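What follows is the residue order along each chain.
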Amino acid sequence: MTVSFTDQSLRIRGARQHNLKNIDLDLPHGRFIIVTGPSGSGKSSLVFDTIFAEGQRRYVESLSTYARQFLERLPRPDVDLIEGVTPTIAIEQKNPVQTSRSTVGTATEILDYLRLLFARIGEIYCPSCNRQIIQDTPDVVVDSLVERYAGQPVLILAPLDVRGLKTTAEKRNFIQRLLIRGWTRCYKKGEVARISEEEMPAGVSFYLAVDQVLVVEEERHRLTEAIEQAYEESGGKLQIKVGGEIQKYSLEWRCSDCEGEFPALTPHLLSFNNPYGACPVCKGFGDTLEIDPQLVVPDPGLSLSEGAVEPWTKPGKRQLKNLMFREAEHRGIDIHKPYVDLTEDERGWLWQGGKRFPGIYGFFEKLEKKKYKLRNRVLLSRYKMPVPCGSCRRTRLRKEALSVKVRGAHLGELCEWNIESLETWLRKIRLSQFEQAVVGLVLDDIRKRVSFLLRVGLGYLALSRHTKTLSGGEFQRINIARQLGAGLVQTSYVLDEPTIGLHPKDNQQLIDQLKDLQERGNSLIVVEHDPQMIHAADEVVELGPGSGEKGGEVVFAGPYQKFAGGNSLTARWLRARETEEKEKGLKPASRPKRVLSYEGISHHNLKNINVRIPLHQFVCVTGVSGSGKSSLVEETIYNSLARLFYREMLSVGKFSVMRGAEHLKGAVLVDQSPVGKSPRSNPMTYIKGFDEIRKILAGTPDAKAKGWGPSFFSFNVSGGRCDRCEGQGFEIIEMQFLADIQLPCEECGGKRYRSETLDLRWKGKNVDEILNLTFQDALAFFSSASESLKRKLSLMNEVGLGYLRLGQPATTLSGGESQRLKIARELCEGGAKEVLYVMDEPTTGLHLQEVALLLRIIRHLVVMGNTVLVIEHNLDVIKSCDYVIDLGPE
């Protein structure tokens, strides 16, 4: 598809956002553009903080000042000129969802359309007797009469509720109103009689005789009219006398067998986010919080005397513990026997209790009754874990909602199926002419959304999957699928590493979907390092040449063909990777002497597997998306070790046997979560190097003379820090309907310290100037400092973070930088041995050159005597590891 705006360009002049060095750049519209370069070279600053921020800012500022008060306010990027800006949409590689109510079905809006489908053409079955419930509309009643009583006379009655009529005057007024409306006959004592003013209704109901009609096809219209009048008078109820029988009908949803009532069928009834449709037990969450025996008895190898019952090991629970000992002796139970060896009856007594002993459950029930106390709520939360709701079985819906079916399946079943199975079910649905008119468009929309999810490789997800459990890559692909369905044109899409979390076999499928967006007349600007994605691009922009202060420049901008033959850092690495021969002379890895093994793992979709992890090696777990990598590595292996070594209250995946943990001394999870939420947190404080710098400053003669200790130089406590900004270095000015302005503190000028603190110097620099040094410069500056400080600075350079400043706010670090900072901290701790390091896709955000650096760091951890276990799809990492565990096949 060719559109006129492809001949134009997005023109950027003088971009200085963050570390961008006054760059000029022209990006042609309607093209697939890759932005690459080393970490910290300015890719996100250009794509998200400049291009996307300006596009969004212009859209927001086109609205009224009133509307802008309620929208996200975006700051103006630091740039001289941006021209040719089109509507801009960012699809970032992160998952911001935290609520348990959000699922794949709600996030993709498929569930909203399914609820409408079920509410309009769903068949209702009685929850009690499983008989289909049909609403008795006038047409349905007439059809039933013609079929069963053809040629017979029928008497149509409208039962009127007279329970509210207490006095004679009220009853007389009731009769008068009927006469005024033209009704003259009633039914009483088995006969039709005239209504007179003296007629007094007695009992619960007064039966109005609407009409007596012969059931023949010629009288269909009269029958229908009479039934409608009866429903109108009685408020939706109807009785028909045929011979000696009386048939009851109702416009309400009611089972004709068990008389069970059914609520009105609306989309709200089918929503677990609405109190009307949510399961009353779990409130629509699908899980209930219950006491987890694994948390109460974390180590079954301990005896009762050794503290097997963890909550009773606290000093405040000594009385309960002693009572347990006395009662156990009275019952002949050995308190020195390991919990795992206790008989079933002995464990039953321990949990259920007896006459004088409340038991573990009794203890927690007492806490439940006193939940108004904060300490009791905190204690209960430590030993509770979500378990499937016994009422709705995790479908989240009330039983009436699960009684509504379309083609034999209820909504709870569809949510448990994966997208591929749902697509098969949708393909088999055939609608009648009436159903097509009612829900034809709805069904088409569902099919389109499902097909888009399949096209981006998410067919393995179920609609019931919690959105917060999705990886950043999966969430990003859901957003791509939504954009495919939106059908926008002449729009700029900016994406952040969309290949993250994808197996190499799925990359081409993703590229095809991005190309589809482009062919509709859109621009794609993608931050990416993946060679396959770079090769598919029309244009390449490389920033660099280095990171941080050494980056921020345009190294190359132009067509891929010219880029591939160029001499930039990325181009050289790509060529080296393509021409690299198979490594020769490598000795096979020695057979490990020690192994960590798990048997019978059946967590989530893992099918009773056995896994062996050789220790003192670099082990990689790979496989397609959704094959169970995170379920195995993080939720089973790491969580079980963290609970064993650190007594952490974590939910552990189900397995039968674990062996070899005695060969380890700990387990560390090195993920990409932020290292700090406050701007006061920085790389130097994270690796605990700032403590030593503050000691150096406090050891100067001037500081000693003034009585300043190390804490005086901290910007986390009052003392030497600026009191106005409290050590943050900036102030936020609220602008109501405009973006909040972040300005340097007027008092300290953004230096975070008081003027008298800044007057103190060591080797010619004050504390602010020291914090503004890069780690590369700091290594030379602190050449005469302690070996401990020099080692920490050196390790930061070794992990490729030498370009960071000592005091750079932790909130500005990327995921890859945060992960390498965590590795540096582990190395700074003094070289721990016999530790299992778990990493989840450590190559995220890393350039090809930085991947090679990461591999050297991992190898260093292994040489120190540790085991490194990573989840990874990067082929360079997989070929460099010692041992591979591949999950799948799909």
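Keep in mind it's a predicted model, so treat the numbers as computed, not measured.

Conventions we followed
- Residues numbered from 1 in each chain as written.
- Predicted model: local features only at pLDDT ≥ 70, side-chain atom pairs only at ≥ 80, totals over all residues.
- Heavy atoms only, no water.
- Axes fitted to C-alpha atoms, helices over the stretch in contact; angles between N-to-C directions.
- Helix = DSSP H or I, 4+ residues; strand = E, 2+ residues; numbered from the N terminus.
- Parallel < 35°, antiparallel > 145°, perpendicular 65-115°, else oblique.
- Left-handed = near helix turned anticlockwise from the far one by under 90°.
- Contact = heavy atoms within 4.5 Å.
- Nonpolar A, V, L, I, M, F, W, Y, C, P; charged D, E, K, R; others polar.
- Pairing = 2+ DSSP bridges.
- Phe/Tyr/Trp six-rings, centres within 6.5 Å; stacked < 30°, edge-to-face > 60°.
- Buried < 20%, exposed > 50% of the residue type's maximum accessible area, 1.4 Å probe, protein only.
- Patch = residues over 30% accessible without salt bridge, like charges linked within 9 Å, V, L, I, M, F, W, Y side chains within 5 Å.
- Areas by Shrake-Rupley, 256 points an atom, 1.4 Å probe, with all protein chains shown as cover.
- Salt bridge = Lys/Arg side-chain N within 4 Å of Asp/Glu carboxyl O.
- Lys, Arg positive; Asp, Glu negative; His and termini not counted.
- Charge placed at Lys NZ, Arg CZ, Asp CG, Glu CD.
- Arc of directions from axis to C-beta.
- Polar contact = N/O pair within 3.5 Å; in protein donor to acceptor, adjacent residues only side chain to side chain.

**Q** Any details on the packing of helix H5 (residues 138–148) against helix H7 (residues 220–234)? Residues and values, ideally.
**A** In contact at an axis separation of 9 Å, H5 and H7 are set at 130° when each is read in the N-to-C sense. On the basis of their axis angle, the class for H5 and H7 is oblique. When the axes of H5 and H7 are compared, the crossing they make is right-handed. Contacts between H5 and H7 involve Pro138, Asp139, Val141, Val142, Asp143, Leu145 and Val146 from the former and Arg220, Leu223, Thr224, Ile227, Glu228 and Tyr231 from the latter. By residue class, the composition of the contact of H5 with H7 is eight nonpolar, one polar and four charged.

**Q** How would you summarise the pairing of strand E12 (residues 237–242) if you had to cite specific residues and measurements?
**A** Pairing analysis gives three bridges linking strand E8 (residues 153–161) to E12, with the strands arranged antiparallel. Each residue of the ladder has a partner; that of Leu157, found in E12, is Gln239. Here E12 runs beside strand E13 (residues 245–250); their pairing, made up of six bridges, is antiparallel. Its bridge partner lying in E13, Ile240 is registered against Gln247. Turn length for the E12-E13 hairpin, with the two strands adjacent in sequence and antiparallel, is two residues, and the turn residue Gly243 shows positive phi of about 65°.

**Q** Explain the packing of aromatic side chains to me, using residue names and the numbers behind them.
**A** For the structure on display, the rule yields 20 aromatic pairs. Aromatic pair Trp708 and Phe712: ring centres 4.2 Å apart, planes at 10°, arrangement stacked. Take Trp708 and Phe712: they sit in the same class, and that class is buried. Aromatic pair Trp762 and Phe782: ring centres 5.5 Å apart, planes at 20°, arrangement stacked. One end of the pair, Trp762, is in the loop between helix H25 (755–759) and helix H26 (767–771); the other, Phe782, is in the loop between helix H27 (775–781) and helix H28 (787–798), and 20 residues separate them in sequence. In this pair, the class of Trp762 matches that of Phe782, namely buried. One aromatic cluster in this structure is built from Trp312, Trp349, Phe357, Phe363, Phe364 and Tyr383.

**Q** Can you tell me about a negative patch on the surface, naming the residues and giving the values?
**A** Together, Asp139, Glu225, Glu228 and Glu232 make up a region of like negative charge exposed at the surface. Of all the elements, H7 adds the most residues to the negative patch, at three residues. Residue position: Asp139 is located in helix H5.

**Q** Kindly report on the sheet that holds strand E24 (residues 595–601), identifying the contributing residues and their values.
**A** The three strands lie next to each other as E25-E24-E27, forming an open sheet whose pairing is antiparallel. Because the sheet does not close on itself, it has two edges, and the strands there are strand E25 (609–614) and strand E27 (657–659). Across the sheet, the mean angle separating the axes of adjacent strands is 5° when strand polarity is ignored. Across the face of the sheet, helix H21 (residues 629–646) comes into contact with E24, E25 and E27 while running at roughly 115° to E24.

**Q** Mind laying out the packing of helix H14 (residues 419–428) against helix H15 (residues 433–455), listing which residues take part and the relevant values?
**A** It is at 10 Å that the axes of H14 and H15 come closest, and there the two elements cross at 145°. For the pair H14 and H15, the sense of crossing is left-handed. Here Ile419, Glu420, Leu422, Glu423, Leu426 and Arg427 of H14 lie close against H15, whose contacting residues are Leu443, Ile446, Arg447, Val450, Leu453 and Leu454. Residues belonging to the contact of H14 with H15 are distributed by class as follows: eight nonpolar, no polar and four charged.

**Q** Talk me through helix H12 (residues 374–382); I want residue IDs and the actual numbers.
**A** Along H12, the residues classified as buried are Asn376, Leu379 and Leu380. Relative to the axis of H12, the buried residues are bounded by an arc of 100° and lie together on one face. Looking at H12, the residues exposed on the side facing more than 90 degrees away from the buried face are Leu374 and Arg375. Of the surrounding secondary structure, the elements contacted by the buried residues of H12 are helix H11 (359–369) and strand E17 (384–388).

**Q** Any chance you could break down the side chain of Glu435 for me, citing the residues and the numbers?
**A** Relative to the helices and strands, Glu435 resides in helix H15. Glu435 sits in the buried class, given a relative accessible area of 16%. At a separation of 3.0 Å, a polar atom in the side chain of Glu435 contacts the side chain of Arg407. For Glu435, the residues in contact, after removing those within four places along its chain, are Ile121, Arg407, Arg430 and Gly440.

**Q** So what's going on with the sheet that holds strand E2 (residues 23–28)? Residues and values would help.
**A** Pairing in this open sheet of three strands is antiparallel, and the strands run E2-E1-E4 from one edge to the other. Of all the strands in the sheet, just E2 and strand E4 (79–83) have a single pairing partner and so form its edges. Strand-to-strand twist in this sheet, taken as the mean axis angle between neighbours without regard to direction, amounts to 5°. Pairing geometry for strand E1 (residues 9–15) and E2, over five bridges, is antiparallel. If you follow Ile12 over to E2, its bridge partner there is Leu25.

**Q** Just give me the short version of the pattern of salt bridges, but keep the residues and values in it.
**A** Under the counting rule described, the total for this entry stands at 37 salt bridges. A salt bridge links Arg427 to Glu423; the shortest N-O distance between them is 2.5 Å. Placement of both Arg427 and Glu423 in helix H14 is noted, with a separation of four residues, approximately one turn of the helix. Owing to a relative accessible area of 45%, Arg427 belongs among the partly exposed residues under this scheme. With a relative accessible area of 25%, Glu423 lands in the partly exposed category. Notably, a salt bridge pairs Glu599 with Arg659, separated by 2.6 Å at the nearest N-O pair. With Glu599 in strand E24 and Arg659 in strand E27, this pair connects stretches of sequence that are 60 residues apart. According to the relative accessible area criterion, Arg659 is partly exposed, its value standing at 44%. Counted as one network, the salt bridges with shared partners bring together Arg16, Asp78 and Asp80.

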